[in-house]
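Architecture at a glance
Here are the chains, one letter per residue:
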Amino acid sequence: MGAGGLVAGGAIAGHVATALPSEASEALAREDTDYAPIAEGIQQVVWSVATGEPAVALTFDDGPNAAFTPRVLDMLAAAGGRATFFVVGVQVEQERALVRRLLAEGHELGNHTWAHESPAVLTAEQTRHEIERGTEAITRVAGQPPRWYRPPRGMVTGSAVHRAHQLGQGLAMWSADRGPAGDIDVEGIARHLVDQLRPGAVFDLHDGVGAASGRPPTEWPALLIRRREAELAALPRLLAAASARGIRLVTLTNLVALGSA
């Protein structure tokens, strides 16, 4: 058995077994509920796509947001690009006209839950509820359910993957982001984005403020506003570089299709 000793009566020989504190017991019980239940079929998890086609997917999280999303849409329209917007359900309800514009201009909607609560701090039931309400909000406005689910902050739990699978939603992650540059380092962000520009890449950017979306703009965290403004200022550099290299900007669904062709 090695240095660890023998297992005897549920404890290692030579050690005194003690009861777990109530907090630890509760954490273990909650962990059990986060394991994915038995399911059938195949669940897609996409970080990037293996393709020789000159195409990438730009994705934008945390919107739609009246302060940021229209500016992103204007830049994409000028570049002739399409993108996937991982929207927050509560914002979909409040910005229906903006959602209709997204769809009219050929963009795709993905599920970023109802209120952008991190699965890491939710119970399995709460996680399922967040995914379901986000799906319902998108379906009401768009007329069809989303094809993709992206967990807030990229935090994945078994219960989240399982519910998304039941709803027919693939798990959308990413291979490229804004990088380690400071909050207002537009040049650093732009350089990092352009350095990651290669066929099949999935970029994760933002056009909203996450869980702060339900608050009035005067209450948005200043840090988030600085970060979003810096990303928007860097975006034209990424779009220009893609155009110069002949790289098309497509939705995530279209990029995945290119990898399957």
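Predicted model, so just to flag it, every value in this text is computed and none were measured.

Quick look at the nonpolar core now. With 46 residues, the main nonpolar core has L58, F60, F85, F203 and L235 as its most contacted residues. No other element matches the nine residues that helix 8 (residues 222-244) contributes to this core. Not counting the four nearest positions on each side in its chain, F85 is found in contact with F60, T69, V72, L73, L76, L102, H107, E108, L109, G110 and D207.

Let us look at the side chain of N111. Position of N111 among the secondary structure elements: in strand 6 (residues 108-111). Classification of N111 by relative accessible area gives buried; the value is 0%. Polar side-chain contacts of N111 include one of 3.1 Å to the backbone oxygen of I131. When sequence neighbours within four positions are dropped, the list of residues in contact with N111 reads F86, V87, I131, G134, T135, I138, P146, W148, Y149, R150 and Q169.

This paragraph deals with the packing of helix 5 (residues 124-142) against helix 6 (residues 158-166). Direction vectors running N to C along helix 5 and helix 6 enclose 35°, while the axes themselves pass 9 Å from each other. The way helix 5 lies across helix 6 gives a crossing that is right-handed. Taken together, the residues of helix 6 that come into contact with helix 5 (itself represented by A124, T127, R128, I131 and E132) are S159, A160 and R163. Class assignment for the residues of the contact of helix 5 with helix 6 results in three nonpolar, two polar and three charged.

Cut-offs used in this document
Residues numbered from 1 in each chain as written. Predicted model: local features only at pLDDT ≥ 70, side-chain atom pairs only at ≥ 80, totals over all residues. Heavy atoms only, no water. Core = buried A, V, L, I, M, F, W, Y, C linked by side-chain atoms within 4.5 Å. Buried < 20%, exposed > 50% of the residue type's maximum accessible area, 1.4 Å probe, protein only. Helix = DSSP H or I, 4+ residues; strand = E, 2+ residues; numbered from the N terminus. Contact = heavy atoms within 4.5 Å. Polar contact = N/O pair within 3.5 Å; in protein donor to acceptor, adjacent residues only side chain to side chain. Axes fitted to C-alpha atoms, helices over the stretch in contact; angles between N-to-C directions. Left-handed = near helix turned anticlockwise from the far one by under 90°. Nonpolar A, V, L, I, M, F, W, Y, C, P; charged D, E, K, R; others polar.

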